[in-house]
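If you want the building blocks of each chain, they are given just below.
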Amino acid sequence: MRRSDLFLPASRERRGEGTAATERLVRAGLIREFGSGLWGLTPAGKRVREKVVDRIRTGMDAVGGQEVSLPGLQQRERWEQSGRWGAFEGEMFTLADRDGRDLCLAPSHEEGMVHLLDGLVRSYDDLPLTLYQDGAKFRDDRARAGLLRCKEFTMKDAYSFHGDEASLREGYREIRTAYERILSDLGLSFVIADAANSVMGGDRSEEFLAPVRDGTCDLLACSGDGCRFGLSDESPQYGAFADGDDCPDCGDRLRESGGVEVGHVFELGTGYAESMGFTVDGADGRPREVHMGSYGLGIGRIVQTMVMQGGTDSDSGDAGCYWPVTEWGSVAPYRAAVIPIGDGEVETVAAEIHDELGADCLLFDGEQSVGERFAESDLLGLPGKIVVGNHYRETGEVEIEDRNGESSSVAPEAAAAAVERFGAGG
């Protein structure tokens, strides 16, 4: 992508609310506020989101998930069947259509998934079955902290259906493990905490919580390497532990911080299927109950939390975004910036490197000063810079610089390989 062609409305405004990470995302030109709890994505912001979604999709497909798409606008009848029409304590957006039928904007899709399968999945032999989607959810929440608490937000929600409790537990463990792999590949630090099921119902649930300086909940997280034990202020046993206590799983120390819930998994049992009359035929031809699990990952929350964990202690957005780089790669909007310093042969070489890298690099070819080019690359959090300037004129090599300032020199034809590790799925 050439910078001169990219719509990137980098903002210089200071926001009085939200978090430092929100300001970084705004000032980088990745997101823009449309009102309280409503956020839009620019082309560069959408690239980040789609890289996160692609990693989640790969992870869900690997455990047998099949992708679907359900409407966000749903009829009241299905929610009354499940008993949840009035259960969201004023957080559900409701409306009536021109014929007077009551509708809602779905805050989750358990009811929709049951309706999708009811009458189409008829046999016990068709189970287990896991379906997932990536789409908008709506809750009239008290908006705060940018993408962490929105009225419209994007979620990857998955639902598994099983013929018995043992199969549900196996499916729950498999998807839970898949979530661990996904979040690790994205570079998030996280723990897993027991949680209350609340309005979702069911017998068991766990939250995936990311430690941050200023979060949306209080968190106790084990500091031990590789240990995932954590407790949020909504965990049943939260009051039994304090900062500095021994971790009950590994014996290391628990540390207090803010936390962000980036994922939640539920063993829902048979409640939804029973209330909505969804059964399958067993081997003997008799109706059998269907057990269900529900699994969510907050896409916008993941994006902002990565910036929160990778940021500096400064509350200024000037430092820009820091996207994690793991063995899997990075979700940065572009893997590298190509920055020519000068014209003539320098510009020609920079354009050739850009053409080899393709759409996943950003070539600064406009009227910006050299300082502005470096500053914008840092605002976006691009993990690599390929600099073609005086060093190239003197040595015939281009400079490769990572986000931490470490640099090396390579021949121009080796530049693409030098930044390959910064690409998503690399």
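Summarised in this report is the structure supplied together with it. Everything numeric here is computed off the predicted structure, so don't read it as measured data. (Residues numbered from 1 in each chain as written. Predicted model: local features only at pLDDT ≥ 70, side-chain atom pairs only at ≥ 80, totals over all residues. Heavy atoms only, no water.)

With that out of the way, let us pick up the overall build of the chain. Across its full length, the chain holds 11 helices and 21 strands. For 426 residues, the compact-globule formula gives about 22 Å, and the C-alpha radius of gyration of the chain, at 24 Å, lands near that figure. In terms of its C-alpha atoms, the chain occupies a principal-axis envelope of roughly 80 × 55 × 45 Å. A burial count over the chain gives 51% of its 426 residues as buried. In the chain, the share of contacts with a sequence separation of at least 24, taken over all contacts with a separation of at least 6, comes to 68%. Total accessible area on the chain is roughly 18,800 Å²; 44% of this is exposed by carbon and sulfur atoms. (Helix = DSSP H or I, 4+ residues; strand = E, 2+ residues; numbered from the N terminus. Rg over C-alpha atoms; globule rule 2.2 N^0.38 Å. Buried < 20%, exposed > 50% of the residue type's maximum accessible area, 1.4 Å probe, protein only. Contact = heavy atoms within 4.5 Å. Areas by Shrake-Rupley, 256 points an atom, 1.4 Å probe, with all protein chains shown as cover.)

Further remarks concern the sheet that holds strand 6 (residues 102-105). Strand order in the open sheet made by the 3 strands is 4-6-5, with antiparallel pairing throughout. Two strands lie at the open edges of the sheet, namely strand 4 (73-75) and strand 5 (93-96), each paired on one side alone. Direction aside, the axes of adjacent strands within the sheet are offset by 35° on average. Inspection of the sheet shows strand 5 paired to strand 6 by 4 bridges, in the antiparallel sense. Each residue of the ladder has a partner; that of Thr94, found in strand 6, is Cys104. (Pairing = 2+ DSSP bridges. Axes fitted to C-alpha atoms, helices over the stretch in contact; angles between N-to-C directions.)

A separate point is the packing of helix 2 (residues 43-62) against helix 7 (residues 299-310). The geometry of helix 2 relative to helix 7 is characterised by a closest axis approach of 10 Å and an angle of 115° between their N-to-C directions. Considering the angle they form, helix 2 stands roughly perpendicular to helix 7. Relative to helix 7, helix 2 is oriented so that their crossing is right-handed. Residues Val48, Arg49, Val52, Val53 and Ile56 of helix 2 pack against Ile299, Ile302, Val303 and Met306 of helix 7. Split by residue class, the contact of helix 2 with helix 7 holds 8 nonpolar, no polar and 1 charged. (Parallel < 35°, antiparallel > 145°, perpendicular 65-115°, else oblique. Left-handed = near helix turned anticlockwise from the far one by under 90°. Nonpolar A, V, L, I, M, F, W, Y, C, P; charged D, E, K, R; others polar.)

Strands sit in the order 18-17-19-20-21 across an open sheet of 5 strands; the sheet is mixed. Across the chains shown, the open sheet's two edge strands, defined by having one partner strand only, are strand 18 (361-363) and strand 21 (407-410). Neighbour to neighbour, the strand axes of the sheet diverge by 20° on average, direction disregarded. Across 5 bridges, the pairing between strand 17 (residues 336-340) and strand 19 (residues 384-388) is parallel. Within strand 19, the residue paired with Ala337 across the bridge is Lys385.

Let us now look at helix 8 (residues 345-357). The first and last C-alpha atoms of helix 8 sit 19 Å apart over 13 residues, in line with the 18 Å expected at 1.5 Å per residue. Looking at helix 8, one finds that the buried residues are Val346, Val349, Ala350, Ala351, Ile353, His354 and Leu357. Just downstream of helix 8, Gly358 is the residue with a positive phi angle, here 80°. (Expected span 1.5 Å × (residues − 1).)

The subject of this paragraph is the environment of Arg421. On the secondary structure map, Arg421 appears in the segment after helix 11 (415-418). By relative accessible area, Arg421 is classed as partly exposed at 48%. Distance from Arg421 to Gly384, taken between C-alpha atoms, is 9.6 Å for residues 37 residues apart in sequence. If we skip the residues at most four places from it in the chain, Arg421 touches Val325, Gly329 and Asp402.

The next point concerns the packing of aromatic side chains. Going through the model one piece at a time under the given rule, you end up with 6 aromatic pairs. A centroid spacing of 6.1 Å and a plane angle of 65° characterise the contact between Phe229 and Phe241, whose relative ring orientation is edge-to-face. Placement of Phe229 in the loop between strand 11 (217-222) and strand 12 (230-232) and of Phe241 in the loop between strand 12 and strand 13 (254-269) is noted, with a sequence separation of 12 residues between them. A relative accessible area of 24% means that Phe241 is categorised as partly exposed. The ring centre of Phe190 lies 3.8 Å from the NZ or CZ of Arg228, which sits over that ring. Positioned above the aromatic ring of Tyr322, the side-chain terminus of Arg403 is 3.8 Å from the ring centre. (Phe/Tyr/Trp six-rings, centres within 6.5 Å; stacked < 30°, edge-to-face > 60°. Lys NZ or Arg CZ within 6 Å of the ring centre and 35° of its normal.)

Omega for the peptide link from Leu127 to Pro128 comes to 5°, which places this bond in the cis form. Examined against the element boundaries, Pro128 turns out to sit in the loop between helix 4 (110-117) and strand 7 (129-138). A positive phi angle is found at Ala145, which is not glycine, with a value near 60°. Position of Ala145 among the secondary structure elements: in the loop between strand 7 and strand 8 (152-162).

Attention now goes to the pattern of salt bridges. Under the counting rule described, the total for this entry stands at 31 salt bridges. Residue Asp185 is joined to Arg55 by a salt bridge in which the shortest nitrogen-to-oxygen separation is 2.8 Å. Taken as a pair, Asp185 in helix 5 (residues 165-186) and Arg55 in helix 2 lie far apart in primary sequence, 130 residues in all. On the basis of relative accessibility, which here comes to 9%, the residue Arg55 falls in the buried class. Between Asp97 and Arg101 there is a salt bridge, with its nearest N and O atoms 3.1 Å apart. (Salt bridge = Lys/Arg side-chain N within 4 Å of Asp/Glu carboxyl O.)

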